[in-house]
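Commentary on secondary and tertiary structure
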Amino acid sequence: MTLAKRGSLTFFLILPFVVFSQEPTQTQAETESFWDHVQFGGGLGVAIGNDFTDITVAPSAIYNFNEHFALGTGLQYSRLKQKNFYASNVVGASIVGLYNPIEEIQLSLELEEVHVNTTYDDLYDSVKRSFWNTGLYVGAGYRADNVTIGARFNLLFDKDKDLYGDAFMPFIRVYF
């Protein structure tokens, strides 16, 4: 065997040991930043009808601790108006915890606090109402990639004091 062949053979026999024996300089946890675990999403709604307007903007963000647990926060603003009847502004924030026992199922616990300012108009007078509304929601949904479709139930619902008409609310949750 010639010297060139011996050198080539030695090089190719030793190369895998040299390559695979190299240790990475940083672990995966050290190279991942905080922002690698953050997802943004939220909701945007517009309903316009006969003398009626409803506009909602609700951005949110979550931090994924792992593939099962996430914690996040959101903001909300809604403007509702029925001409010659009422006008309402709703401003608030929420905290949500998400648990995915399996990839397709998402369970949630959400605390929402909103401030409501409403003015009711009738033929003779205007009545103003301002109050805080607290909701504690438990929810469940079917999850496909970054979209979850489900329902949530307000454990603190009081039909005489609550902003919403029902304790049960469907939702679509999207995070990118």
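Owing to the predicted nature of the structure, the values given are computational and were not obtained by experimental measurement.

Reading the values: the criteria
- Residues numbered from 1 in each chain as written.
- Predicted model: local features only at pLDDT ≥ 70, side-chain atom pairs only at ≥ 80, totals over all residues.
- Heavy atoms only, no water.
- Pairing = 2+ DSSP bridges.
- Helix = DSSP H or I, 4+ residues; strand = E, 2+ residues; numbered from the N terminus.
- Axes fitted to C-alpha atoms, helices over the stretch in contact; angles between N-to-C directions.
- 1 Å grid on protein atoms, 1.4 Å probe; cavity = no way out; pocket = protein on both sides within 12 Å on 5 of 7 lines; lining within 4 Å.
- Points joined across faces, edges and corners; volume = space filled by probe spheres on them.
- Nonpolar A, V, L, I, M, F, W, Y, C, P; charged D, E, K, R; others polar.
- Core = buried A, V, L, I, M, F, W, Y, C linked by side-chain atoms within 4.5 Å.
- Buried < 20%, exposed > 50% of the residue type's maximum accessible area, 1.4 Å probe, protein only.
- Contact = heavy atoms within 4.5 Å.

This paragraph deals with the sheet that holds strand β6 (residues 126-144). Taken together, the eight strands give an open sheet; going across it, the order is β1-β2-β3-β4-β5-β6-β7-β8, and neighbouring strands pair in antiparallel fashion. Because the sheet does not close on itself, it has two edges, and the strands there are β1 (38-49) and β8 (168-174). Adjacent strand axes in the sheet meet at a mean angle of 20°, parallel and antiparallel pairs treated alike. As paired elements, strand β4 (residues 86-102) and strand β5 (residues 105-121) share 15 bridges and run antiparallel to each other. Across the sheet, residue V96 finds its bridge partner in β5, namely E110.

Picture a little ball the size of a water molecule; that probe, rolled over the atoms, points out where space is still empty. Size it by volume and the largest pocket reaches roughly 700 Å³. Taken together, 27 residues line the largest pocket, and the ones lying closest to its centre are G43, A58, E110, E112 and R152. In terms of residue count, β8 provides more of the lining of the largest pocket than any other element does, six residues in total. Taken together, the residues of the lining of the largest pocket sort by class into 13 nonpolar, ten polar and four charged.

With that settled, consider the nonpolar core. Counting residues in hydrophobic clusters, the biggest one holds five residues: I62, A70, V96, L98 and Y175. What A70 contacts, discounting residues up to four positions off in sequence, is I62, Y63, N64, F65, V96, G97 and L98.

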